[in-house]
Amino acid sequence: MSNAPTPPLAPLVMIVEDEGPMRRFLRSFLSGSGYRLQEAASGAAALQLAAEKAPDITLLDLGLPDMDGQDVLIKLRSWLKTPIVVLSVRDQDTQKITALDHGADDYLIKPFSTGELLARIRVALRHAAEQRSGVESSVFESADLKVDLAARRVFVRQTEVHLTPIEFKLLSILVHHCGRVLTHQHLLQEVWGPKRSQSPQHLRVFMAGLRRKIEPDPAQPKYLVTEQGVGYRLAME
Amino acid sequence: MSANGQVGTQLKAVAERRASQAMRRWRPANYRHYVITALIVVLCGLIGSVTHALKLTEANIVMIFLAGVAFVAVRFGQGPAIFAAVFGVLVFDYFFVAPFMSFAPSDAQYFVTFGVMLGYGLLVSTLASRLHNQLHASQEQEHRTSQLYTMTRELSTLSGSHNLLQTASRLLGDIFAGEVFMFYREADGTLQILDREAMQAAEQAADPSAVQWVLENNRSAGLGTDRHATATALFVPMIGSLRTVGIVGIQPQDPACFDDPENVRMLETCASLIALSIERDQLFVEAQQAQVLVQTEQLRNSLLSAVSHDLRTPLATIAVTASSLLENPGESNSATKEEIVQTVVDESRRAARQVDNLLGMARLNAGAVVLHRDWEVLEELVGVALSRLRRELTGRTVQVRIPDNFPLLWVAGDLFEHVLVNLLENVIRYTPADSGVAISATTSGAASQIVVADQGPGLPAGSESKVFDKFFRAGTVVADGQRGIGLGLAICRAIIDAHGGRISAENQPGGGAAFTIELPRANESPESDQVNHVQ
């Protein structure tokens, strides 16, 4: 929480949440973490506020009183380029997948930990910045894992591991979007191309193989985290 | 109060027609009977002439004619008997009384013979016809009794108002040889016709007012009665012991059918029979519903007590600890503060999981859960379950042993994860905080086994199968253990059952409980060979 973004100007976070207590908590916590805030308690208010203030990142609760959160998401995404992180209560997986398909950058299940929230906001903001500048680091490092995208080499505890081409492609896509959840469908298309129709179990099998190579304990993964029913995420420290 | 008592007026209305109709039924006017009668009289004459030739007295010859009249009276009834008496006297007078071959003035004395013969014939024929009618009536009675018996027997084996009415309708159609209309009275008093197609026919057979009249007055109306007599069908209420369950209408092929009060009475008896069958069926259904209601009530009570205790406990803890933080902001040292906050977090997570379980059970019970099956990697599911309980599992050693060649599982990932979470939570709740837990998987033959084993005190003897019952909670709880609602394992069983598998619990020889999930190997897990290939 200490390494909040520093001036010239702190990022502007728009909170779209109808529940008072949750909004109050997010307000006090995020402003304490150095972010500037705008709040909207309904979908209509959110659409108006976004147009006026152009937030750097939006936290969107799916359960809104006046309109479906997914509709708000679609409307915002139609012109808003900055990241949108969806907040929802633990519910059907299809909701999350739909949100990601509609252009959400990430999602968080309530109740979430504050550390998790900050991490997701940071990841989303960094990805947005990278996209704007077009600069991307070619080396990824997290704990004992090091991935050199340019050299196509992967190290675990300084020992090189050999991956098959597909495994490397899978890992490199996750590295590109590190910290963000990628849906099964997204990964399948990125790895095998849009024309090949592979089923999710295909992906699961390759992921299991990849885990055995880079995870110390594949059943309790440190890096390749499963988002049950949705997809995978490459966890950052 | 029976329906039979209400036909008084109708009975009178048709009473006069009854006798003549009864006669007509067994003795239709038949000219052949008269021809045969004439021949019999001629035969008597011939026998008489033989007797005459033997010089026997006239009285004997009269006896022969008398026998003939008696025979005719028994065989053919009144009309031919009268004819035989008249014709017989004429033949006797003409052939056997002097002057022979003629009627003489002195013949007037044979009016006595004629009178006796006629009276005798009438008497015999009346007696015979009464006997005949009685025989016929008892046959009819027997026939009806057997029809009623058939109906009773058939209706007693059936259940469901609709079935009962349909069968009754078929049987009535057979008995009365006609069209049957069944009107069933709904609980709200409206009439429903059994067969929609019969609706039009029924409306033609009776103006609906006849049916309405029957419903309002609880008495028969229509054909053969003096109310709505223009209708072509007879409508009879089906009166049970509690209420009128409906109306039955018969449109007989023979419109005169209901001129016979026996037929009306028969129909009314049948209607009562149907009414009682339907009532019996309804009472049975109600009794069943009452039983289900009692069970639901019991379930609801245990659910309420579970919810009120186990859901309110964490909430109360949260409220108390959090308010203490608010009330003494500066006082407590940071260690106490952290402990308090930790309690709030733990308790709220616990409450959330219990709500998850309650909702899960409600969905499973409502049958609203659809299995979105997919080929899942067990390792991944275990990983997700462990990460969900990471905080609760701190301090425990978790061992996962899944063979590399363990096949993919054909399961609904979210539900299977729920099972694993519940099993692990069970371990957390009932075993000491520093004891270990092991998850292992094996395959044998056509089944895959997944075992979650702990190092706790084990299950109370004899409760191995009961632990999966709703609201069952083991009596022994570790000192500081949290009690659950007792739904977790019930949900596990419901989910595994839905997958066609089995879940069981047992105590391990070395101590601790082991929960075993057994899943049938799905046909050809498509990429299991590729798992090996990828390594």
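Criteria and thresholds
- Residues numbered from 1 in each chain as written.
- Chains lettered and ligands numbered in written order.
- Predicted model: local features only at pLDDT ≥ 70, side-chain atom pairs only at ≥ 80, totals over all residues.
- Heavy atoms only, no water.
- Helix = DSSP H or I, 4+ residues; strand = E, 2+ residues; numbered from the N terminus.
- Contact = heavy atoms within 4.5 Å.
- Salt bridge = Lys/Arg side-chain N within 4 Å of Asp/Glu carboxyl O.
- Buried < 20%, exposed > 50% of the residue type's maximum accessible area, 1.4 Å probe, protein only.
- Phe/Tyr/Trp six-rings, centres within 6.5 Å; stacked < 30°, edge-to-face > 60°.
- Buried area = accessible area lost by both parts, 1.4 Å probe.
- Polar contact = N/O pair within 3.5 Å; in protein donor to acceptor, adjacent residues only side chain to side chain.

1. Describing the environment of Val161(A)
Residues and elements named next belong to chain A. Note on placement: valine 161 falls in strand β9 (residues 159–161). As for valine 161 and lysine 213, which are separated by 52 residues in sequence, their C-alpha atoms are 7.0 Å apart. What valine 161 contacts, discounting residues up to four positions off in sequence, is Val154, Val156, Lys213 and Ile214.

2. Considering the pattern of salt bridges
All told, the structure shown has 27 salt bridges over all chains when counted by the stated rule. For Arg157(A), the salt bridge goes to Asp144(A), with nearest N and O atoms at 3.5 Å. Of this pair, Arg157(A) sits in the loop between β8 (153–156) and β9 while Asp144(A) sits in the loop between β6 (139–142) and β7 (145–148); the two residues are 13 residues apart in sequence, bridging distant segments of the chain. Overall, Arg157(A) belongs to the partly exposed group, its relative accessible area being 49%. Here Arg212(A) makes a salt bridge to Asp404(B), at a shortest N to O gap of 3.6 Å. Of this pair, Arg212(A) sits in helix α8 (residues 200–214) while Asp404(B) sits in the loop between β7 (398–401) and β8 (409–412), placing the two residues on different chains. Here Arg212(A) falls in the partly exposed class, since its relative accessible area comes to 23%. Residue classification places Asp404(B) among the partly exposed residues on the basis of a relative accessible area of 39%. Three or more residues are tied together by salt bridges with common partners; here these are Asp106(A), Glu116(A), Arg120(A), Glu227(A) and Arg233(A).

3. What about the packing of aromatic side chains?
Scanning all chains against the criterion turns up 13 aromatic pairs over all chains. Aromatic ring contacts, followed pair by pair, group Phe65(B), Phe92(B), Tyr94(B), Phe95(B) and Phe96(B) into a single cluster.

4. With respect to the interface of chain A and chain B
Each partner contributes residues to the interface: chain A has 24 residues there, and chain B has 28 residues. Counting the surface chain A buries against chain B, the share from its top three residues, Arg204(A), Arg212(A) and Gln228(A), is 28%. Taken together, the connections running from chain A to chain B amount to six salt bridges. As a salt-bridge pair, Arg211(A) and Glu380(B) come within 3.1 Å of each other at their nearest N and O atoms. For the pair chain A and chain B, the interface holds five residue pairs in polar contact (both at pLDDT 80 or more). With twelve residues, the single largest contributor to the side of chain A that touches chain B is α8(A).

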